[in-house]
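# Observations on the model geometry
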Protein chains: 2
Amino acid sequence: MSRKITLKDIAKELDVSTSTVSKALRGSSEISQKTRDKIIAFANYYHYKPNSTALKLQSQKTMVIGIVVPEIVHHFFTKVISGIEKVLNKYHYNVMICLSNESLNKEILNINMLTDGSVDGLIVSIAKETLEKNDFSHFNEIKNNDIPLVLFDRISDKIESDKVIVDDIGGGYKATKHLMEIGCKNIALLTTPSHVTVGLEREKGYLKALKEVKLPSNIIHIHENKNIKEQIEKLFNQSNVYPDGIFAVNEIYAATAIKIARSKGLKIPEDIAIIGFTDGLISKFTEPALTTIAQHGLTMGEQAAELLLYRIKDKERPFEKKVISTNLKIRKSTQKK
Amino acid sequence: MSRKITLKDIAKELDVSTSTVSKALRGSSEISQKTRDKIIAFANYYHYKPNSTALKLQSQKTMVIGIVVPEIVHHFFTKVISGIEKVLNKYHYNVMICLSNESLNKEILNINMLTDGSVDGLIVSIAKETLEKNDFSHFNEIKNNDIPLVLFDRISDKIESDKVIVDDIGGGYKATKHLMEIGCKNIALLTTPSHVTVGLEREKGYLKALKEVKLPSNIIHIHENKNIKEQIEKLFNQSNVYPDGIFAVNEIYAATAIKIARSKGLKIPEDIAIIGFTDGLISKFTEPALTTIAQHGLTMGEQAAELLLYRIKDKERPFEKKVISTNLKIRKSTQKK
DNA sequence: AAAAATTACGAAACCGTTTTCGTGTTGAAA
DNA sequence: TTTCAACACGAAAACGGTTTCGTAATTTTT
């Protein structure tokens, strides 16, 4: 109920100046013990708390970091955000999260808004539409306002900044290699449209592994606006080859593939082995449980936050690109007896 | 690179006063067309953007809403957050998200920090530890600073505020009733410790349904610090009764129960039917797919945001408690042929 | 041509802090 | 008793804007 109390209020009430109050509350020895105690007691009684906006204006620091992600209803992104939060919190930063919903326009809006001085730094993962349209001009706004920026996961070479990515090529390679090692000869890839950088990179790893032993490739690009299940189903309707292994670049594709394969009466992994690139929860609960290439979203977030903190401290340091390596988490979907 | 430019810079450069610049940029007719154009051109050229902190201090509004949730790596919470974001964004509010990690201390820290004037309102879901210790004194801080507050999902009667909850009792009732309708006689409940309000409410619904037809109850409280799987397994080791139906208050418990039941060679739903209370993604991918009571997290978020906006506009309105009704989403895990 | 109204702008206060720089009082040293 | 530090505090500037009010200069009205 009590209207918010300010320094000025305290000063007036106690008949001292605002400077005295300010100093007293910050424990300055400039103020006598007596006055200090009186002021502190009064302030506590009325639950005085310095106005953070005034503090920010004064210190020219907001202690807030903006995060722009394509969506939040996505296990990987929440993991990354948790990682970011974890380290940022240690240094008393707060996070302001904006969702681009994979839309270029929303991303532009978010970035324009965040570069108005409300944050001390930005961590962003680029929206699909942005990548597709290849339009990154809004990132100039960040550069113009010279706000520290770290890009993660969905990045672009067109933007100069610190970056954190997972070793998508290596992961794709590992996944494919693993399928080969358990005897797969016709390995299909379920991936995104190629403007999504991470999908493309994983594809590179996949192709690299295949090329080494001259196995044929079989790539299906899934478009998210169309029915995912139907698109994956095509894999099983191909007349020429029948895959005995599937590498899916994300959890949904992989889990859907498992569902479909089972509905076709295929045994996993005997008839067809499946592996997914993901950090998610679904993998543990599919039947059989899904073997995955773990992305380490948490680590990614931590590293992104650290890079940002470094840059805030030193704007002149050279840009850094961190690569988080993946690892293979073997579960039943590739474990032949 | 270019250092941030301020009103004062423009004023000095163009040899006018800051008031003139401010007015010109806000399109005031008080300033002549000529001067206005000149100022606007100059401002655009140098990418001038008013400092948001200064604006906030001046307007005494931050246009930021704080959200405190137990964790973000949780489908339900991300859904709610998306809902909040959706409506808040429409009104040009931004969100600042803080994680309590289910810890009372962290929650206190978050709330203390957010009540320093950095936000115009707060939306929170209470941490488990807070509920367990039954200590809500930190919410007084919110009241003292008279910041609008909306509680969602995990609430407490001890806190006066607007609230949004799902119809947990009704949902628990629906779930249990559904199991009864497909012929289950021994329905077990997998739930949280009883200090978690939502678990307790769902239990109430469960008991209500059982009581109506005098079926026996069989409740297992799962403790999160212990191994979940082992605790659920006990259900199948009970000497006296063997359940033919399981109602789990969340997705993980339900999906784990499915895994365990299958490993025991039970057929789902013939031998044992399973239903979960959740909005999550896992349900679609378990084998068989899990029947659920849908929570409508998105709706919840939207309503929470709307309630908050109402209160910001009118601090005197009576507190409101919205109840989001659930609905039954039947999948294979309860669909006997 | 004098009076009134309009135009176009600047000065200053204000939002809530912190911080630098004085300055009047004391108490101690000379 | 005079001189000088030390002490305890206040005035004012600063952070970056907005806004109210005042006022010269110009234009319109009479």
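Read on for a plain summary of the structure. Here the structure is a predicted model, which means the values were calculated and not measured.

Counting 126 residues, the largest nonpolar core has L88(A), I97(A), L190(A), L88(B), I97(B) and L190(B) as the members making the most contacts within it. Ignoring anything within four residues of it in the chain, the contact list for L190(A) reads I220(A), I222(A), I232(A), L235(A), I246(A), F247(A), A248(A), V249(A), Y253(A) and A257(A). With 40 residues, the next largest nonpolar core counts I126(A), F136(A), I155(A) and I147(B) among its residues.

Around DNA strand D, 29 residues are found, and the nearest of them are T20(A), K23(A), E30(A), T35(A) and S22(B). When the atoms of DNA strand D within 4 Å of the protein are sorted by group, sugar and phosphate make up 60%. Within the side chain of E30(A), an N or O atom sits 2.3 Å from a base nitrogen of DNA strand D. One of the side-chain N or O atoms of K8(B) is found 3.4 Å from a phosphate oxygen in DNA strand D. Secondary structure elements with two or more residues in the surface near DNA strand D: α2 (18-25) and α4 (52-59) of chain A together with α1 (7-14), α2 (18-25) and α4 (52-59) of chain B. A class-by-class count of the residues in the surface near DNA strand D yields 9 nonpolar, 12 polar and 8 charged.

All names here are of chain A. Residues L149 and L151 of strand β4 (residues 149-152) are buried on one face, and the alternating residues V150 and F152, pointing to the opposite face, are buried as well. Inspection of the sheet shows strand β3 (residues 121-124) paired to β4 by 3 bridges, in the parallel sense. When the sheet's bridge partners are listed, V124 is paired in β4 with L151. For β4 and strand β5 (residues 162-166), the ladder comprises 3 bridges, and the chain directions are parallel. Each residue of the ladder has a partner; that of L151, found in β5, is K163.

Basis of the calculations
- Residues numbered from 1 in each chain as written.
- Chains lettered and ligands numbered in written order.
- Predicted model: local features only at pLDDT ≥ 70, side-chain atom pairs only at ≥ 80, totals over all residues.
- Heavy atoms only, no water.
- Core = buried A, V, L, I, M, F, W, Y, C linked by side-chain atoms within 4.5 Å.
- Buried < 20%, exposed > 50% of the residue type's maximum accessible area, 1.4 Å probe, protein only.
- Contact = heavy atoms within 4.5 Å.
- Near = heavy atom within 4 Å.
- Polar contact = N/O pair within 3.5 Å; in protein donor to acceptor, adjacent residues only side chain to side chain.
- Helix = DSSP H or I, 4+ residues; strand = E, 2+ residues; numbered from the N terminus.
- Nonpolar A, V, L, I, M, F, W, Y, C, P; charged D, E, K, R; others polar.
- Pairing = 2+ DSSP bridges.

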